[in-house]
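Coordinate analysis (summary)
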Amino acid sequence: MINIRGIGGHMRLVAENLSGERGDNLLFNSLCASLSDGQALIITGPNGAGKSTLLRIIAGLLPASDGTVWLEIDGAQEPVMAHSHYLSTLNAMKPALSVYENLKFWQDFHGSPLHDIDEALEIVGLYNIDHLPYGYLSTGQKRRVTIATLLCSHRPLWLLDEPTSGLDTHAQAMFAGVMREHLKKGGMIVAVTHIALGLEQAGSDAVQHLRLEDYQLGDHGAEAQGWLS
Ligand SMILES: Nc1ncnc2c1ncn2[C@@H]1O[C@H](COP(=O)(O)OP(=O)(O)OP(=O)(O)O)[C@@H](O)[C@H]1O
């Protein structure tokens, strides 16, 4: 068992009566969700529904307009960001730095090294490119490097915005395996997606689905309560 807080211990991510807005627009309200170690929450919804906004609120990058989100590890409340990998749709890499330099930066920033950078690149199916400037890579290669950050450092909670965007089917299958392995080790995943992520094999108990349109104005309450355990 890996010795890291949140992996192997008891962990819970809870969103309670959460509302989110952009500008003056209320995007969703009365949203409740609860996730334990080894579980994934898959967030779907139409373009503009507020999925990325919700993920940013969970990460602590945007304030909720109402309600709260908290992370509990072994009974103590912890800041979400300190225990998360947050992958936005932007890859957050410096184009002029090499693939290795980018991953080294993130590994040093996140701490808790897991795989060596070379190992992580091999897992995501990238070979002999660590010396190349990140900006030279193809769209799918860039995304694979971003996914490699998840493997370079231990972080129990993965917050993923459209993680498979730009990946070919082979890479999607590879990433599904990476996510299932993380869940098997007791990690947690919150993912925004428009396509199936291949987590079905993780088991029905391990995967919850949240349709954001169920939390839009006029359609909240009873269904939302079902998410709070
Ligand atoms: N800074 C901002 N100020 C005002 N409105 C914003 C801002 N950022 C985003 N929005 C609006 O908030 C709404 C929700 O955006 P968000 O990116 O959360 O949607 P989404 O569900 O992730 O969409 P998609 O599936 O297209 O990625 C959109 O209508 C968007 O135009």
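Structure: see above.
Now for a quick tour of the structure. Everything quoted here is computed from the prediction, not taken from an experiment.

**Let's talk about the pairing of strand E1 (residues 11–22)**
Both E1 and strand E4 (residues 66–73) contribute to a ladder of seven bridges, which runs antiparallel. Across the sheet, residue Arg12 finds its bridge partner in E4, namely Glu72. Relative to strand E2 (residues 25–36), E1 is paired through eight bridges, and the arrangement is antiparallel. In the sheet register, Val14 faces E2, and the bridge partner there is Ser34.

**Points about the sheet that holds E1**
Ordered by their spatial adjacency, four strands build an open sheet running E2-E1-E4-E5, and the pairing between neighbours is antiparallel. Two strands close off the open sheet at either side, each with one partner strand: E2 and strand E5 (76–78). Looking at each pair of strands side by side, their axes are set apart by 30° on average, direction ignored. Relative to E1, helix H1 (residues 51–59) is tilted by about 130°, and along the sheet it contacts E1, E2 and E4.

**Focus: the nonpolar core**
Counting residues in hydrophobic clusters, the biggest one holds 36 residues, and the most contacted among them are Leu103, Val145, Leu160 and Phe175. At the level of elements, strand E3 (40–44), helix H2 (99–110), helix H3 (117–123), helix H4 (139–152), strand E7 (157–161), helix H5 (169–184) and strand E8 (188–192) are the ones that each hand at least two residues to this core. If near-sequence neighbours (up to four positions away) are discounted, Leu103 is found in contact with Met93, Ile117, Leu121, Val145, Ala148, Thr149 and Cys152. Among the nonpolar cores identified, the runner-up in size contains 29 residues, and Leu41, Ala49, Leu54 and Met188 belong to it.

What counts, and where the lines are drawn
Position numbers for residues count from 1 along each chain, tracking the sequence in the order it is written. Reporting in this predicted model follows two pLDDT cut-offs: at least 70 for local features of residues, and 80 or more for side-chain atom pairs to be given and counted; totals over whole chains, interfaces and linings ignore these cut-offs and use all residues. Neither water nor hydrogens contribute to the side-chain values; these are computed over all heavy atoms in the structure. Pairing between two strands requires that DSSP report at least two bridges joining them. Helical segments are the DSSP runs of H or I of at least four residues, strand segments are the runs of E of at least two, and each set is numbered from the N terminus. Axis definition: a line fitted to C-alpha atoms, limited for helices to the stretch in contact. Angles are taken between N-to-C directions and run from 0 to 180 degrees. The contact rule is simple, with two residues in contact once any of their heavy atoms fall within 4.5 Å. What makes a nonpolar core is a set of buried Ala, Val, Leu, Ile, Met, Phe, Trp, Tyr and Cys residues whose side-chain atoms join them at distances within 4.5 Å. Note on exposure labels: buried denotes an accessible area under 20% of the residue type's maximum, exposed denotes more than 50%, and partly exposed covers the range between, all computed with a 1.4 Å probe on protein chains only.

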